[in-house]
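# A structural walkthrough
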Number of protein chains: 2
Amino acid sequence: MSVDANFSLGRVNTALTPQERFEEFMQTRGKRITRQRQVIVDHVTTRHEHFDAEQLLVDLKKTPAGAQASRPTIYRTLNEMVEAGILKKMELDGRAVYEHDYGYPQHDHLYCTSCQKLIEFSSEELTKLRNAVAETHQFRAQGHRLIVSGICFDCRSKRGTSRHQDRV
Amino acid sequence: MSVDANFSLGRVNTALTPQERFEEFMQTRGKRITRQRQVIVDHVTTRHEHFDAEQLLVDLKKTPAGAQASRPTIYRTLNEMVEAGILKKMELDGRAVYEHDYGYPQHDHLYCTSCQKLIEFSSEELTKLRNAVAETHQFRAQGHRLIVSGICFDCRSKRGTSRHQDRV
DNA sequence: TTGTCTGCAAACACTTTGCACTTTT
DNA sequence: AAAAGTGCAAAGTGTTTGCAGACAA
């Protein structure tokens, strides 16, 4: 149902901060800026890390009383942020993983199947390749997601050990 | 938890039919070839289409009495087939989509966000690119998944019309 | 004030599991 | 006969929704 496609691969309008972009988006939808939305947007946009809804919930629970939000509100707000174009969503092992990428260049990921770590990389060539392929199929590409799975250096080094990292 | 990585990107041991490969795999695990498993493997491997567990269940329900299987058995068997390396699994919009690709060359997909159609394509360049990137990160790539999303030709042509398609 | 938002509990969609019975080997 | 598999119903995940009270505009 999205009406306004805000796609311009490789670079987004960076005149606005993510917070401003979010407010703008909400205003055009007649939605309000509440304390909870504020808290969530701030938390997320000051980090650029990969996270899921549950982690965000837990993180916020650790903060001063007023800076928390319920699970439903978190899910609702994350969806709004995706619509607003300040958050990217991907599915990994059955749950949604988000990443704040407003203003960041297009990139993709290496996914370690041993420790679940995501490593970013970017490649212009990939986008070119993608566009070329799309064209031969008369397909209008709007975005893409490449996930290369395998084993990261750390996990290979620790092989045989039961140690395990918790970075996501 | 997969123990035996059967990776050899770009080409798999094609001396065996998928059915044979599956039997081989099951035998080495001390698992049995039951009527249900047979039915599922046959149905899936004679098609090379994209499907999910629910669709398979419904498809089998339409067949003669003896050729059916329950939902749990379908889920269990699909997982076994993935482990056996004769089926590929990907996540799309929150549910698992499978594709029989044993013996087929490596390929990726264009995903139409309007009609949910998956279009296949393959590109050697992509695999090379992937390997190059992995190497710079000391990452051991085992596989990859690229999904280019956008709008397919059919959907663009029909835009504005109330007609809709039913191809998946 | 008015209409939106929040949080709770309940509902959902998809997938997995415990268990008694059935089937393959 | 022994071991593994099936199907049912129930339990799990992760995510969404209905609704009454709370709150931003």
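Preceding this section is the structure that the text describes.
Residues numbered from 1 in each chain as written. Chains lettered and ligands numbered in written order. Predicted model: local features only at pLDDT ≥ 70, side-chain atom pairs only at ≥ 80, totals over all residues. Heavy atoms only, no water.

Helix and strand counts for chain A come out as six helices and six strands. Put simply, chain A runs from its N terminus to its C terminus through helices and strands in the order α-α-β-α-α-β-β-β-β-α-β-α. Counting over 168 residues, chain A shows a buried share of 40%. Surface accessibility of chain A: about 9,500 Å² in total, with carbon and sulfur atoms responsible for 49%. (Helix = DSSP H or I, 4+ residues; strand = E, 2+ residues; numbered from the N terminus. Buried < 20%, exposed > 50% of the residue type's maximum accessible area, 1.4 Å probe, protein only. Areas by Shrake-Rupley, 256 points an atom, 1.4 Å probe, with all protein chains shown as cover.)

Residue and element names in this part refer to chain A. Viewed as axis vectors pointing N to C, helix H1 (residues 18-28) and helix H2 (residues 35-45) meet at an angle of 145°, and their least axial separation amounts to 10 Å. Here H1 runs over H2; the crossing is right-handed. Residues Pro18, Gln19, Phe22, Glu23 and Met26 of H1 lie in contact with H2, whose contacting residues are Arg37, Gln38, Val41, Asp42 and Thr45. When its residues are assigned to classes, the contact of H1 with H2 shows four nonpolar, three polar and three charged. (Axes fitted to C-alpha atoms, helices over the stretch in contact; angles between N-to-C directions. Left-handed = near helix turned anticlockwise from the far one by under 90°. Contact = heavy atoms within 4.5 Å. Nonpolar A, V, L, I, M, F, W, Y, C, P; charged D, E, K, R; others polar.)

Further remarks concern the relation of the copies chain A and chain B. Of the two same-sequence chains, chain A is brought onto chain B (RMSD 0.1 Å, axial shift 0.0 Å) by a rotation of 180°. Read as a symmetry element, the transformation amounts to a two-fold axis. Relative to the rotation axis, the closest C-alpha in chain A is found at Leu146(A), a distance of 2.1 Å. Both copies present the same face, since 100% of the interface residues in chain A are matched by interface residues at the equivalent positions in chain B. (Least-squares fit on C-alpha atoms with pLDDT ≥ 70 in both.)

Right, let's talk about the protein's contact with DNA strand C for a bit. The full set close to DNA strand C counts 19 residues, and Arg32(A), Gln36(A), Arg37(A), Arg76(A) and Tyr75(B) are the nearest of them. A share of 63% is what sugar and phosphate atoms reach among the atoms of DNA strand C within 4 Å of the protein. When residues of the surface near DNA strand C are assigned to their parent elements, the largest contribution, five residues, is made by helix H4 (residues 71-84) of chain B. The residue makeup of the surface near DNA strand C, split by class, is six nonpolar, five polar and eight charged. (Near = heavy atom within 4 Å.)

This part takes up helix H1 (residues 18-28) of chain B. Residues and elements named next belong to chain B. For H1, the full list of buried residues reads Pro18, Arg21, Phe22, Phe25 and Met26. End-on view of H1: buried residues confined to an arc of 130°, all on one side of the axis. Facing away from the buried surface of H1 by more than 90 degrees, the exposed residues are Gln27 and Thr28. Buried residues in H1 make contact with helix H2 (35-45), H4 and strand E3 (95-100). Positive phi appears at Gly30, one or two residues downstream of H1, with a value of about 70°. (Arc of directions from axis to C-beta.)

Turning our eyes to something else, we now look at the nonpolar core. Of all hydrophobic cores here, the largest spans 31 residues; its most connected members are Phe139(A), Leu110(B), Phe139(B), Leu146(B) and Cys152(B). Of all elements in the fold, only strand E4 (108-112), helix H5 (124-136) and strand E6 (140-151) of chain A together with strand E4 (108-112), strand E5 (118-121), helix H5 (124-136) and strand E6 (140-151) of chain B reach the threshold of two or more residues within this core. Apart from the residues lying within four places of it in its own chain, the contact partners of Leu146(B) are Leu126(A), His144(A), Arg145(A), Leu146(A), Asp108(B), His109(B), Phe121(B) and Leu126(B). Counting 23 residues, the second-largest nonpolar core is a separate cluster that includes Leu16(B), Leu60(B), Ile74(B) and Ile86(B). (Core = buried A, V, L, I, M, F, W, Y, C linked by side-chain atoms within 4.5 Å.)

A few words now on the side chain of Glu99(B). All names here are of chain B. With respect to the helices and strands, the residue Glu99 is situated in strand E3. For the buried Glu99, no salt bridge exists, and the shortest N-O distance to an oppositely charged side chain is 5.7 Å, to Arg145. Reaching out from Glu99, the side chain makes a polar contact with the side chain of His50 at a distance of 2.5 Å. What Glu99 contacts, discounting residues up to four positions off in sequence, is His48, Glu49, His50, Phe51, Leu87, Lys88, Met90, His107, His109 and Glu120. (Lys, Arg positive; Asp, Glu negative; His and termini not counted. Salt bridge = Lys/Arg side-chain N within 4 Å of Asp/Glu carboxyl O. Polar contact = N/O pair within 3.5 Å; in protein donor to acceptor, adjacent residues only side chain to side chain.)

Taken together, 20 residues surround DNA strand D, and among them Tyr75(A), Arg32(B), Gln36(B), Arg37(B) and Thr73(B) come closest. Among the atoms of DNA strand D close to the protein, meaning within 4 Å, 69% are from sugar or phosphate groups. The contact in question runs from a phosphate oxygen of DNA strand D to an N or O atom on the backbone of Ala96(A), over 2.8 Å. Ser70(B) is positioned such that a nitrogen or oxygen atom in its side chain is 2.8 Å from a phosphate oxygen of DNA strand D. For the surface near DNA strand D, the secondary-structure elements that each account for two or more residues are helix H4 (71-84) and strand E3 (95-100) of chain A together with H2 and H4 of chain B. Here the element with the most residues in the surface near DNA strand D is H4(A); it accounts for five residues. Looking at the surface near DNA strand D residue by residue, the classes come out as five nonpolar, seven polar and eight charged.

What follows covers the packing of H2(A) against H4(A). All names here are of chain A. As a packed pair, H2 and H4 sit with axes 10 Å apart at the nearest point and diverge in direction by 60°. Considering how the two elements wind past one another, H2 and H4 form a crossing that is right-handed. Along the contact surface, H2 presents Gln36, Arg37, Ile40, Val41, Val44 and Thr45, while H4 presents Thr73, Ile74, Thr77, Glu80 and Met81. In terms of residue class, the contact of H2 with H4 is made up of five nonpolar, four polar and two charged.

Attention shifts here to the sheet that holds E3(A). Strands in a sheet are paired, the pairing made by backbone hydrogen bonds, and the direction either parallel or antiparallel. Residues and elements named next belong to chain A. Spatially, three strands are ordered E1-E3-E2 in an open sheet, and the strand pairing comes out antiparallel. The strands lining the two open edges of the sheet, one partner per strand, are strand E1 (50-51) and strand E2 (87-92). Here E1 pairs with E3 via two bridges, running antiparallel. Paired with His50 across the bridge in E3 is Glu99. (Pairing = 2+ DSSP bridges.)

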